[in-house]
Amino acid sequence: MSIRDISKEELETMGYDEIAYIILEEAGKKMKLLDLFKKVCKALDLPESTIEDRIGDFFELLSINKKFILLPKGYWDLATNHVQNIIIEDEDDSISDEVIEENDELEEEIEDNEDIFYDNELDDNDEDEDDLKDLVIIDEEEAIQ
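Small disclaimer: the values here were computed from a predicted structure and weren't measured. (Residues numbered from 1 in each chain as written. Predicted model: local features only at pLDDT ≥ 70, side-chain atom pairs only at ≥ 80, totals over all residues. Heavy atoms only, no water.)

Per the stated rule, a full pass over the model turns up three salt bridges. Glutamate 26 serves as the salt-bridge partner of arginine 4, at 3.8 Å between the closest nitrogen and oxygen. With a gap of 22 residues between them, arginine 4 in the segment before α1 (8–13) and glutamate 26 in helix α2 (residues 16–27) connect regions that are remote in the sequence. It is possible to trace a salt-bridge network through shared partners that takes in Lys8, Glu12 and Asp45. (Salt bridge = Lys/Arg side-chain N within 4 Å of Asp/Glu carboxyl O. Helix = DSSP H or I, 4+ residues; strand = E, 2+ residues; numbered from the N terminus.)

Attention now goes to α2. Relative to the 16 Å expected for 12 residues at 1.5 Å per residue, α2 spans 16 Å between its end C-alpha atoms, a close match to the ideal helical length. Next to the buried residues of α2 lie α1, β1 (31–32), α3 (33–43), α4 (48–64), β2 (68–70) and β3 (75–78). Once α2 ends, the next one or two residues include glycine 28, with phi positive near 70 degrees. (Expected span 1.5 Å × (residues − 1). Contact = heavy atoms within 4.5 Å.)

Spatial strand order, β1-β3-β2: three strands in an open sheet with antiparallel pairing. Single-partner strands in this sheet number two, and they are β1 and β2. As judged from the three bridges shared by β2 and β3, these two strands associate in the antiparallel manner. If you follow leucine 70 over to β3, its bridge partner there is tryptophan 76. (Pairing = 2+ DSSP bridges.)

Shown next as structure tokens:
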């Protein structure tokens, strides 16, 4: 879509950022903030005083809109024109030999000391005691009375 194809009425309903997007898309190149805002104001037939009065707001608008990207030396462009190559270095997924050795030693220690965590006396006592000897079962009718 070209900025010339959009009616004056439709442009007036659009935000500065929407118009800037169309201008950058149409230009196909990065632009300085002042040049871009001048083109936005020209498209809307705004007076020169608007540039000075609202350029700070325009900068803030572009800064918070993720469709735009600020480039070095004050240039602005569409973020879609600048794909970021994020490289995630894949570190060695294997666990270090030291950690494996430590885990093996710990497992051996636990195996050697298994009896520490197991109380044989409790098992003997459990067989002798009947936990349910005092349990009484009653009917529903008995419980109501």
